[in-house]
Amino acid sequence: MKTTQMQSCVHENGTVECTLVEVELPEPGPDEVMVEIEAAPINPSDLGLMFGAADLSTVRRAERDGQPAVLLDVPDAAMRAMAPRIGHWMAVGNEGSGRVIAAGDSDAAQALIGQRVGMFGGEMYAGHRCLPASQCMAFPERISAEQAASCFVNPMTALGFMETRLMEGQQAIVHTAAASNLGQMLLRLCQADGVPLVNIVRSDEQVELLKSMGAEWVLNSQAESFMKDLIAALVATGATLAFDAIGGGRGVNRILTAMEIAAAQTGPWSRYGSEEPKQAYIYGQLDLGATELTRGYGWVWSVSGWLLTPFMKRAGPEVVARMQQRVLDEIDTTFVSHYSSRISLAEAITVEAVKDYGARKTGQKTLLHMAESSS
């Protein structure tokens, strides 16, 4: 069967193009299912595949094979990093939800026929998707397509942060862009599990939002007292583990500096600095600029990237199964998602929509509706 699918390609002339194409889907194999997709969220990781480091202000309308398309210019410096993608059309959409309409012969695949499932594995911005049954989570009928659509990226990332904390023997967490859907999930998890969480946001409105949810430590990075407040929060919580969604600028540097000052106040210190390990993971790129580090925090520190799928491989099937079960149990409570806009697949390929959902703003989350049954 054929389906309409969103794809993205980087061209040699320094542009990136996103359009809709018609593709042929295979019949489900023994362990596979065919899903009629109902809804799929646009996450920052999806924007990275759709547009990469393109300049959003250059978005313009185009057309390819009678289908709507958008073109964006990619700065020369960014083109070097995107060179491996030149000429390759790539299907978009990390996660989604839908109804299983056909299945292979295996018991696992057959058990999903007629059920609403949440899915992960890419190629979700489409009318249909054929994929392994193991990449689906079946939800009860009371769970809507909207709720099931965001069952993987944010919930599993938040749980991945919690599991990373356990694996590294850390007692508390620092999180930036903490008013996001992911940030709110992490807050609810930390409250439920009794884990101290230092939330860093960028406006007073976001401070009030998280305070209204019961957050104890919420800091506005734009406030004059930010560093003083951050050091106090780190002394109170003992947090030396941070997850950063921003990426560029000196945000991580400020966190590590505050961790060093806090550690010096509460523990032994030498001319090499505090011996307390300080770890910052960058998992997002709301700021596409360079990550600036002054290294004024001793010698016992590390800055690394954090990505969900490699973490899952490292954690192993038992941990991943535990994480997925918690998502299934709490998808409409701990892991509930909020959407700022809802558009169709065709509407997503318009200049106005791209400028809206591509802005990378905290609290911005767009849901694509692919079927009438997704209400």
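Fair warning: this is a prediction, and the values are worked out from it, not measured in the lab.

Trainee: Explanation requested: the sheet that holds strand β5 (residues 67-73) in the structure shown.
Mentor: Adjacent strands of a sheet form backbone hydrogen bonds with each other and so pair up, either parallel or antiparallel. Taking strand neighbours across the sheet as the criterion, the 5 strands line up as β4-β5-β2-β1-β6 in an open arrangement whose pairing is antiparallel. Taken across any chain shown, the strands that pair with only one partner, and hence form the sheet edges, are β4 (60-64) and β6 (90-91). Bridge analysis of strand β2 (residues 15-24) against β5 gives 5 bridges, and the strand direction is antiparallel. Along β5, the bridge assignment pairs Cys18 with Val70. In the packing of helix α1 (residues 44-51) onto the sheet, contacts are made with β1 (2-11), β2, β5 and β6, and the angle to β2 comes to roughly 100°.

Trainee: Which parts of the structure should I look at to understand the packing of aromatic side chains?
Mentor: Centre-to-centre distance and the angle between the planes together describe a pair of aromatic rings. Following the criterion strictly, the structure yields 9 aromatic pairs and no others. Residues Phe161 and Trp306 carry aromatic rings whose centres are separated by 5.0 Å and whose planes lie at 70° to one another, so their mutual orientation is edge-to-face. With Phe161 in helix α5 (residues 153-167) and Trp306 in the loop between β20 (301-305) and α10 (308-315), the pair connects residues that are 145 residues apart, well separated along the chain. A single burial state applies to Phe161 and to Trp306, both of which are buried. Centre to centre, the rings of Tyr297 and Trp301 are 5.1 Å apart; their planes meet at 90°, and the pair counts as edge-to-face. Under the relative-accessibility criterion, Tyr297 is labelled buried at 0%. A relative accessible area of 25% places Trp301 in the partly exposed class. Through a chain of ring-to-ring contacts, the aromatic side chains of Phe161, Phe243, Tyr281, Tyr283, Trp306 and Phe311 assemble into a single cluster.

Trainee: Would you mind going over the environment of Arg360 with me for this structure?
Mentor: Inspection of the secondary structure puts Arg360 in the loop between α13 (351-357) and β22 (366-369). Remark: the alpha-carbon pair of Arg360 and Tyr283, spanning 77 residues in sequence, is separated by 14 Å. Aside from chain neighbours lying at most four places away, what touches Arg360 is Pro44, Leu47, Gly48, Gly52, Gln285 and Leu286.

Trainee: I keep staring at the sheet that holds strand β13 (residues 217-220) and nothing clicks. Help me out?
Mentor: Within the open sheet, the 6 strands sit side by side as β13-β12-β11-β14-β18-β20. Their pairing is parallel. Strand pairing shows two members of the sheet lacking a second neighbour, β13 and β20, which therefore form its edges. This sheet shows a mean twist of 15° between the axes of neighbouring strands, independent of strand direction. As paired strands, strand β11 (residues 173-176) and strand β14 (residues 241-244) are joined by 2 bridges and run parallel to one another. Across the sheet, residue Val174 finds its bridge partner in β14, namely Ala242. Those strands touched by helix α7 (residues 204-212) are β12 (197-201) and β13, and its axis lies near 175° from that of β13.

Trainee: Even after reading the chapter, I still don't get the pattern of salt bridges, so can you show me in this structure?
Mentor: Oppositely charged side chains are able to pair whenever their charged atoms sit close together. Applying the stated criterion across every chain, the model contains 12 salt bridges. Across the pair Lys2 and Glu22 runs a salt bridge, and its minimum N-O distance is 3.9 Å. Highlighted residues: Lys2 in strand β1 and Glu22 in strand β2, separated in sequence by 20 residues. The same class applies to Lys2 as to Glu22, namely exposed.

Trainee: How should the environment of Ile86 be read in this particular structure?
Mentor: Inspection of the secondary structure assignment puts Ile86 in the loop between α2 (76-82) and β6. Linking Ile86 and Cys9, residues 77 residues apart in sequence, is a C-alpha distance of 6.9 Å. Among residues more than four places away in sequence, those in contact with Ile86 are Val10, His11, Glu12 and Met79.

Trainee: Whenever I open this one, unusual backbone geometry confuses me. Can you help?
Mentor: Residues apart from glycine generally show negative phi values, whereas peptide bonds are mostly found in trans. The phi dihedral of Asp65 is positive, around 55°, even though this residue is not glycine. One can find Asp65 in the loop between β4 and β5. Judged by its relative accessible area of 75%, Asp65 falls in the exposed class. Of note in the backbone geometry, Ala177 takes a positive phi value of approximately 50° without being a glycine. Within the fold, Ala177 resides in the loop between β11 and α6 (181-193). Classification of Ala177 by relative accessible area gives buried; the value is 7%.

Parameters at a glance
- Residues numbered from 1 in each chain as written.
- Predicted model: local features only at pLDDT ≥ 70, side-chain atom pairs only at ≥ 80, totals over all residues.
- Heavy atoms only, no water.
- Pairing = 2+ DSSP bridges.
- Helix = DSSP H or I, 4+ residues; strand = E, 2+ residues; numbered from the N terminus.
- Contact = heavy atoms within 4.5 Å.
- Axes fitted to C-alpha atoms, helices over the stretch in contact; angles between N-to-C directions.
- Phe/Tyr/Trp six-rings, centres within 6.5 Å; stacked < 30°, edge-to-face > 60°.
- Buried < 20%, exposed > 50% of the residue type's maximum accessible area, 1.4 Å probe, protein only.
- Salt bridge = Lys/Arg side-chain N within 4 Å of Asp/Glu carboxyl O.

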